[in-house]
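# Notes for the structure review
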Amino acid sequence: MSNQPTHHTQVAIIGSGVAGALCAYRLAAKGINVILLEAGPTVERSDIVENFRATAKQNLTSGYPNPDYAPRPEWVSQEDEFFGSVGPDNMQPEYLRVVGGTTWHWGGITPRLLPSDFEMKTKFGVGHNWPIDYATLEPYYAQAEREMGVCGDDDASTLSPRSTPYPLPPLAPAYSETVMLPFAEQAGLTFSPAPSARNSRGYDGRSECQGFSTCSPICPSAAQYAAIVHVRKAQEHGAQLFDQALVDRLEIDDKSKVSVAHFRRPDGTRESISADVFVLGANCIESARILLMSAGEATPAGIANSSAQVGRNLFDHPGIDSTLVLKQPVFAGRGPETTRLAENFREGGFRSEHASWSFYFHNHLDFQIAAAEEIATGLKPPELDAHFKWKMERTISMSALIEQPPVEANGIRLDWSARDRAGQPKIDIQWQWGEYELAGAAHAKIYLEKIAKAAGAIEQTVTPLYGHHHLMGMIRMGENPKTSVTDAEGRTHDHSNLFAIGGAVFPTGGTANPTLTIAALSLRCADSIERQLKE
Amino acid sequence: MGKLKISRRAAALGLLTGATGLLSYRAWHVFENDSSVFIITDPDKAEPEGRLFNTFKALSQIVTFRSDLHEPTLETIYQVFHDEPWMAEHTLTSYEQLKPFINQETAPTSNPKLALGEGQKWFTEHLLTTWYLGIYYHDRTQPIRVAYEHALMFDAIKETQPIPLIDATGPRGWSSKPEAL
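The numbers attached to residues start from 1 for each chain and follow its sequence in the written order. Here every chain gets a letter starting at A, and every ligand a number starting at 1, in the order they are written. Where totals are concerned, whole chains, interfaces and linings use all residues; where local detail is concerned, this predicted model gives features only for residues with pLDDT of at least 70, and gives and counts side-chain atom pairs only at 80 or more. Each side-chain value is worked out from all heavy atoms of the structure, with water and hydrogens disregarded.

## Focus on empty space enclosed by the protein
With a probe scaled to a water molecule rolled over the atoms, the places where space remains empty come into view. Residue and element names in this part refer to chain A. Selection rule: A cavity here means a set of 1 Å grid points, computed over protein atoms only, where a 1.4 Å probe fits but cannot escape. A pocket is an open set with protein on both sides within 12 Å along at least 5 of 7 lines, and lining residues have an atom within 4 Å of a point. Grid points are joined across faces, edges and corners, and a volume is the space filled by probe spheres set on the points.
Using the criterion set out here, one finds seven cavities of 30 Å³ or more in the structure. In this structure, the largest cavity spans a volume of roughly 170 Å³. Of the volumes computed, that of the second largest cavity is approximately 70 Å³. Lining the second largest cavity are 13 residues, with Cys209, Phe212, Ser213, Cys215 and Cys219 positioned closest to its centre.

Structural data, given as structure tokens:
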């Protein structure tokens, strides 16, 4: 390997998901030289759609590449060998490694955090406080909503005060939601339009939602926002994209600044890049792995890890789902996956005792699993056809998305004795649900059962607690360098030219699906980087 | 190529004799007044080299209860099954065992001889699963996608629900009942 970096830029951003793409776009639009590095390949929407139709595996990631040079976890697969050990409780993180990252397939729901979410320790004695408050982030929430094209109802919810109207009006409710909302209201929940990064009208050159109901795994029409939008915009402003570039090591110089990022190409050749500023936005697991893999003589615990907090405090949004079969048709599987949200239990004094939760109906059907279950009953056509149709018309799912405070023990460790397909050390995950979120789940379950009863459901199944794949933590921001990894801007305490973005920097996650907050923090971080470069 | 008639009532009984008594009863109950007839391919009228394919086609028609199966999908499924060493024997035997139902306008209320053998019961269920899900599952191989929009599970629901990644309601069309209603 040559000692001379093969590339140089002002800002090198590692990871091209929503955090990296927005940061790259914002900086490139200011005339700053940016190189965006992505471990995975560039993909085209039409190819993803075609892949899903062609593959026998039917899960939310099966249409996306999983190459040896940038492997990723398989979707909820017990046979997956991507991770080493996981436990004691089950956790199956999921993310994509492609240009544009995991927003290729997501629910598109974009609520803001609540003001109290930034002060959990002070208000409820739970978790940690953020080093910033809601008011500080609010202008960036507004910018993120404009960039992504968020639709919502300005008058619907006052939990997160707004300085600007939503860029788009709310989506019309799905017929299934129209049928179900009165039952949920009987159970005590109230609903408002879910803020969503999904076009209720044409916006930013993308079409109005066409109602495919396949928001995840993929929106065929591009009406739902995906970070590829801002990867392309960043390129239009001069940013360079290096795809298939697996960053596996950062180097620091004698001034404790990050000087070089080393990366590997699919054919095994190695390249490196020097930059004035490095930004780590490769999702919380991969970002933490890069920092830990970069351990050296001066930084034996890894880069940016003098606090020993890198790789700790991993958290998610736990969930419980319930699937109902009703007497009357609801016709789920038509239109956006979710358009309405119940926020009754996102906020309240109870948060000192148990987790908060939000609630939504899931207007999506898994036909394949349902058909396999019908066949397994022994039914044959034509009765099979009639019964399957009858059941699909009457099936609806609902979900509670639950708060989970971070605990230091939940996180990752690298197992240098085992390697993944790219030759990187395998990741062991320490994961255990806590009493706080389990109590929140028990509270939510009461309401799932009330709704089922109000609706007169013929069948009801309730899942055990699972993760929403909203990975957060492990490079958390904070005021104290001894207990956090970055400052309030995302700048690492240990290295003044290394920033972190993405869910990794969240101290807590409330009950807001994290993407909008990731986007807002990323835009704010870009402004900080711009100021630092000027200084 | 010749065509054969099969009554829906007769085929329903024949295919369900291997299922549980309750399910058989339910199927019989549903179709006891149904004397409709549909047409299947007559494999005996095919040229010798095409007999296995046409028997497979006729069996698929009986198992899926459809005369108008999508021909390219049929050819794909036939090819995947044809790679199995047991395919020909199971196809011919299953068809022979179901043959008594063909060209009957009605079926007897009970006839122990109508039951498929264990191997043939498994085979016809395997065939049905493949057609219905559009995926070929077998221990010998990784699952193989043989059809997407022509998987019969979508044929069952397409009047009222869009086929994922193929159909959409159109803007705001999701707020009202399906147009077919």
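That covers the picture; the talk isn't over yet.
## Focus on the pattern of salt bridges
As a reminder, the rule being used: Salt bridge criterion: a side-chain nitrogen from Lys or Arg within 4 Å of a carboxyl oxygen from Asp or Glu. Only protein chains enter the accessibility calculation, which uses a 1.4 Å probe; a residue is then buried when its area is under 20% of its type maximum, exposed when over 50%, and partly exposed in between.
For the coordinates displayed, the defined rule picks out 35 salt bridges over all chains. When the shortest N-O distance is used, the salt bridge between A:Arg346 and A:Glu343 registers 2.8 Å. A:Glu343 carries the same exposure label as A:Arg346, and that label is buried. For the salt bridge of B:Lys57 with B:Glu71, the shortest nitrogen-to-oxygen distance reads 3.4 Å.

## Describing the side chain of A:Ser294
Residues and elements named next belong to chain A. What counts is decided by this rule: A run of H or I in DSSP becomes a helix once it reaches four residues, and a run of E becomes a strand once it reaches two; helices and strands are each numbered from the N terminus. Between N or O atoms, a polar contact is any pair within 3.5 Å; within protein, one atom must be a potential hydrogen donor and the other a potential acceptor, and residues adjacent in sequence are included only when both atoms are from side chains. Contacts are residue-level and defined by heavy atoms, with any inter-residue pair within 4.5 Å sufficient.
Here Ser294 is to be found in the loop between α7 (284-293) and β9 (318-325). Here Ser294 falls in the buried class, since its relative accessible area comes to 2%. There is a polar contact of 2.8 Å between the side chain of Ser294 and the backbone nitrogen of Leu250. Beyond its immediate chain neighbours, meaning those up to four positions away, Ser294 contacts Arg249, Leu250, Thr299, Gly302 and Ile303.

## Here we look at the packing of aromatic side chains
The test is simple: A pair of Phe, Tyr and Trp rings is counted when the ring centres sit within 6.5 Å of each other, with Trp represented by its six-membered ring. The angle between the planes then sorts it: under 30 degrees is stacked, over 60 is edge-to-face, the rest tilted. A positively charged side chain is recorded as over a ring if its NZ (Lys) or CZ (Arg) lies within 6 Å of the ring centre. The angle to the ring normal must also be within 35 degrees.
Within the structure shown, the criterion is met by 28 aromatic pairs over all chains. Taken together, a centroid distance of 5.9 Å and an interplanar angle of 70 degrees make the contact between A:Phe191 and A:Phe359 edge-to-face. Of the two residues, A:Phe191 sits in strand β4 (residues 191-193) while A:Phe359 sits in strand β11 (residues 357-362), which places them 168 residues apart along the sequence. A:Phe359 carries the same exposure label as A:Phe191, and that label is buried. Centre to centre, the rings of B:Tyr148 and B:Phe154 are 5.6 Å apart; their planes meet at 55 degrees, and the pair counts as tilted. Residue B:Tyr148 is classed as buried on the basis of its relative accessible area, which comes to 8%. Cation over ring: A:Arg162 sits above A:Tyr166, and NZ or CZ is 3.5 Å from the ring centre. One cation-aromatic arrangement involves A:Lys450 over A:Tyr447; the distance from NZ or CZ to the ring centre is 4.5 Å.

## Comments concerning the sheet that holds strand β14 (residues 425-431) of chain A
Two orientations exist for strands paired in a sheet by backbone hydrogen bonds: parallel and antiparallel. All names here are of chain A. To be explicit about the condition: Pairing between strands requires that DSSP locate at least two bridges from one strand to the other. Angles run from 0 to 180 degrees between N-to-C directions of axes, and those axes are lines fitted to C-alpha atoms, restricted for helices to the stretch in contact.
Taken in spatial order, the three strands of this open sheet run β3-β14-β13, and their pairing is mixed. Whereas interior strands pair on both sides, the edge strands pair on one side only; in this sheet they are β3 (83-88) and β13 (411-419). Strand-to-strand twist in this sheet, taken as the mean axis angle between neighbours without regard to direction, amounts to 20 degrees. Alignment of β3 against β14, held across four bridges, turns out to be parallel. From the neighbouring strand, Val86 faces β14, where its bridge partner is Ile429.

## Notes on the packing of helix α4 (residues 134-148) of chain A against helix α11 (residues 515-534) of chain A
Residues and elements named next belong to chain A. Under the convention used in this document: Any angle that is under 35 degrees is reported as roughly parallel, and any over 145 degrees as roughly antiparallel; angles of 65 to 115 degrees are reported as roughly perpendicular and all others as oblique. Under the convention adopted here, Pro, Cys and the residues Ala, Val, Leu, Ile, Met, Phe, Trp and Tyr are nonpolar, Asp, Glu, Lys and Arg are charged, and Gly plus all remaining residues are polar.
The contact between α4 and α11 brings their axes to 8 Å, and the two run at 110 degrees. Judged by the inter-axis angle, α4 sits roughly perpendicular to α11. Seen from α4, the contacting residues are Thr136, Leu137, Tyr140, Tyr141, Gln143, Ala144, Glu145, Glu147 and Met148; seen from α11, they are Thr515, Leu516, Thr517, Ala519, Ala520, Leu521, Leu523, Arg524 and Asp527. Here the contact of α4 with α11 is built from residues that sort into 10 nonpolar, four polar and four charged.

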